[in-house]
Amino acid sequence: MKIAWCITGAGHLLRESFEVMKKLKEEIEDLKVTTLLSRAGEEVVKMYGLFEELKCISNGNYYEELILEREHPYSSPITGRLSLGKYDYLISSPTSGNTVAKVVNGIADSLVTNAIAQAGKGFVKSIIVPVDYKEGIIITKLPYSIDRKRCKLCLKCINVCPNKAIIKRDNFVEIFLPKCVGCGKCKEICQYNAIIEGKEIKMRVRKIDAENTKKLMELEDVIVLKHPYEILDFFGIYK
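Given the structure is predicted, the values throughout are model-derived calculations rather than measurements.

(A) Geometry of the state of the cysteines. This structure, assessed with the given rule, holds zero disulfides. The thiol sulfur of C154 is not disulfide-bonded, and the nearest other cysteine sulfur, from C190, lies at 6.1 Å. Looking at C161, it has no disulfide partner, and the nearest cysteine sulfur is the one in C183, 6.1 Å off.

Structure, rendered in structure tokens:
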């Protein structure tokens, strides 16, 4: 089986999506996964410390490539495989509200949106997990952050960060997430437990985003799921 898996710039449900990717690789014999990573998706995967893990899932072999949007135009030949029906499924998880909004309005101006459009043209079923599934409040987890109440401004985290992602302000330090690769070295060296990974926050799913998800359900050969774990159910695999 061959799957094209799209990842967009959403942190919500990202770790769960990775769990499902690995479980499918374990359970389905000869499964090949090509991963298509949007520009924002690449940033988010790195800041959550999952990029190296992703390179193991899509290891560079034929039909197991890791396709980065910054290296491939949205008209990349990879998306042509979808229009030719070369994949059994396209999976997009997690899928940002921005991507869903474009898809339901027929816009295909990025690697992921074009891949979804080409899948529809090539009679390839798309399984999409939108982060904005239903209007209301959701709980999501952040990548690394700094608790300013605990921080003593020792600046050891700045010195140990390989990407210079930690910045000193007047009276506090902060992590500049676009540079963070989630290596955790700052957390390891902090003796005050001021570096936090996975802090839970509340976010609102807006009405317009939830309405776009409903429109997504009406598209040809598109299956919309609420959570990445439901992908396992779709393939008859128990978590």
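(B) Examining the pattern of salt bridges more closely. Applying the stated criterion across every chain, the model contains 14 salt bridges. Of the charged contacts in the structure, one is a salt bridge between R15 and E197, with a shortest N-O distance of 3.2 Å. One end of the pair, R15, is in helix α1 (residues 14-27); the other, E197, is in strand β10 (residues 195-197), with 182 residues separating them in the sequence. Using a relative accessible area of 33% as the deciding quantity, one classes R15 as partly exposed. By relative accessible area, which is 37% here, E197 ends up partly exposed. With its nearest N and O atoms 2.8 Å apart, the salt bridge here joins R81 to E65. One end of the pair, R81, is in helix α4 (residues 77-83); the other, E65, is in the loop between α3 (51-57) and β3 (66-68), with 16 residues separating them in the sequence. A relative accessible area of 12% means that R81 is categorised as buried.

(C) Seen up close, the packing of helix α5 (residues 97-104) against helix α6 (residues 111-121). The contact between α5 and α6 brings their axes to 10 Å, and the two run at 40 degrees. In terms of axis orientation, α5 runs oblique to α6. Between α5 and α6 the crossing geometry is right-handed. Facing T99, K102 and V103 of α5, the residues of α6 in contact are V112, T113 and I116. Here the residues of the contact of α5 with α6 sort into three nonpolar, two polar and one charged.

(D) Local environment of the packing of α5 against helix α9 (residues 207-216). Two elements in contact, α5 and α9, have axes separated by 9 Å at closest approach and are oriented at 50 degrees. By the angle between their directions, the pair α5 and α9 is classed as oblique. Crossing of α5 against α9: the hand is left-handed. Across the interface between the two elements, V100, A101, V103 and V104 from α5 touch N212, T213, K215 and L216 from α9.

What counts, and at which threshold
Residues numbered from 1 in each chain as written. Predicted model: local features only at pLDDT ≥ 70, side-chain atom pairs only at ≥ 80, totals over all residues. Heavy atoms only, no water. Disulfide = S-S within 2.5 Å. Salt bridge = Lys/Arg side-chain N within 4 Å of Asp/Glu carboxyl O. Helix = DSSP H or I, 4+ residues; strand = E, 2+ residues; numbered from the N terminus. Buried < 20%, exposed > 50% of the residue type's maximum accessible area, 1.4 Å probe, protein only. Axes fitted to C-alpha atoms, helices over the stretch in contact; angles between N-to-C directions. Parallel < 35°, antiparallel > 145°, perpendicular 65-115°, else oblique. Left-handed = near helix turned anticlockwise from the far one by under 90°. Contact = heavy atoms within 4.5 Å. Nonpolar A, V, L, I, M, F, W, Y, C, P; charged D, E, K, R; others polar.

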